[in-house]
Each structure stands twice: as structure tokens, then as C-alpha cells.
Amino acid sequence: MGELRFDGGRMCLDLVATRVARPAGERLDRVERVAEWMYGTGLVPPGTPVPATAELTRGLQDLRTLLEAMVSAQLTGTPPPPDAVARVNEVARAAAPPVPRAVLGEDGALTRALAAPPDADGLLAAVARDAVDLFTDPLARSRLRRCEGENCALVYLDTSRGRRRRWCSSEVCGNRERVARHRRRTTPALREA
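Below is a short write-up of the structure. Keep in mind that this is a model prediction, so the values were computed, not measured.

Our next topic: the overall build of the protein chain. When helices and strands are tallied, the protein chain shows 8 helices and 6 strands. The helix and strand sequence of the protein chain, counted from the amino end, reads α-β-β-α-α-α-β-β-α-α-β-β-α-α. Among the 193 residues that make up the protein chain, the fraction classed as buried is 40%. Accessible area of the protein chain: about 10,900 Å², with a carbon and sulfur share of 52%.

See below:
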């Protein structure tokens, strides 16, 4: 259901983006989608076998729920739920994240590989550690924004000059807004409304 998005600026925010807001739905609905998400975030190099388990899928969905609560608290200026923080910390320390290594290709270029096959706990720990890094960094945390696009609830880090970014993606929500604005200006019935 829906394409995976990687506009958040952090792996943990890209996980939050896997829940479809409208209509309510799930982007991580199959183990193949979980592998696609892992490759898209860069956590696992493309082609690396990802543990195709319901445990990993369920673990990511549970972690996402915790991160949504922490993001919501940050955006509303309230303290994060202590149970969410405690659980994210548990996941972060449960296992060692995958260890990357450089591999010399046939053409002499270096490529990224993992030192050992990843396991579910290590992959979850890597995402949770990314969240710990984000939420404990006052500067990064202050750049957290929710997309202003109509029907979009994605969150992202605003790293733009002047901190004036309004959309999760200029190509997606930004373009929709520009098209809608153009239609309002050029369509007589919409101008009068």
C-alpha cells in the first residue's frame, strides 16, 4: 500500500513515514516491504539478505508507534511519554547494530557490505539508536517539522537555509501545493470562492 518515502532526513523519521495517514493503512505490510525499507534507508546494502520474519515486521511497527508518540510530544512542546522513552532505550541496547565494512569491487571501487548477516534485534537496535541520537540532540530536535501539505502528515528535519522548509518533499507536496495555487489563480470559479 503506497510507496515508501525517505524524505525525513533520519532513518527513525522514515520509519514514522511508513504508516499511511489517509486512508489509514500500513506500508510495512509484508516482509518484502520491510526489506525494501531497509535498503531505502541505507541500513542494509541492497541485495543483502534481510531476515524475513514476522518478528522484524512487528518490531518495526511497535517501534514506529513509540516514535510517533515521541515525535508528537516534540512537535507539541510536551515531554515525551516516559514509557515510550524507556522502551526505545530497551530496543537500542538489546543488540549490536549491523557492522558495515568496505569491500573492494572488481572495478577497484569501494562498496558497502555488512560484516555479518543482520539479525532482527540488531536492525531494530540501529533504528532505535538513530531515534536516541535525534531526540537527545537539542539542535536536531529543534529542526523537527510536520509537512504543511494538504493530506500529508509526514515529519522531517528542516535543514534548509533559513529553516523555512514547509513540505516533506518539494517534488511531492511542494509541487501539489504549487499546482493547487496556480489553479486557484487561473480558474475563475476557484478565485471567487
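What follows is about helix α4 (residues 82-93). The terminal C-alpha atoms of α4 lie 17 Å apart, and with 12 residues this matches the ideal 16 Å at 1.5 Å per residue to within 8%. Looking at the packing, one finds that the buried side of α4 touches α3 (54-76) and α5 (120-135).

With that settled, consider the pairing of strand β4 (residues 110-114). Bridge count for strand β3 (residues 100-104) against β4 is 5 bridges, and the pairing is antiparallel. Note on β4: the bridge partner recorded for A102 is R112. Linking β3 back to β4 in an antiparallel pair, the connection comprises 5 residues, with G108 at a positive phi of about 90°.

Counting residues in each nonpolar core, the largest one holds 39 residues, and the members touching the most others are W37, M38, L56, L60, L67 and V127. Taken together, the elements giving at least two residues each to this core come down to α1 (11-16), α2 (31-41), α3, α4, α5 and β6 (155-157). Of all the elements, α5 adds the most residues to this core, at 9 residues. With residues near it in sequence (within four places) discarded, V127 still touches M11, C12, L15, W37, L43, L60 and L63. Counting 7 residues, the second largest nonpolar core, distinct from the first, contains A17, C152, L154 and C173.

The rules behind the values
- Residues numbered from 1 in each chain as written.
- Predicted model: local features only at pLDDT ≥ 70, side-chain atom pairs only at ≥ 80, totals over all residues.
- Heavy atoms only, no water.
- Helix = DSSP H or I, 4+ residues; strand = E, 2+ residues; numbered from the N terminus.
- Buried < 20%, exposed > 50% of the residue type's maximum accessible area, 1.4 Å probe, protein only.
- Areas by Shrake-Rupley, 256 points an atom, 1.4 Å probe, with all protein chains shown as cover.
- Expected span 1.5 Å × (residues − 1).
- Contact = heavy atoms within 4.5 Å.
- Pairing = 2+ DSSP bridges.
- Core = buried A, V, L, I, M, F, W, Y, C linked by side-chain atoms within 4.5 Å.

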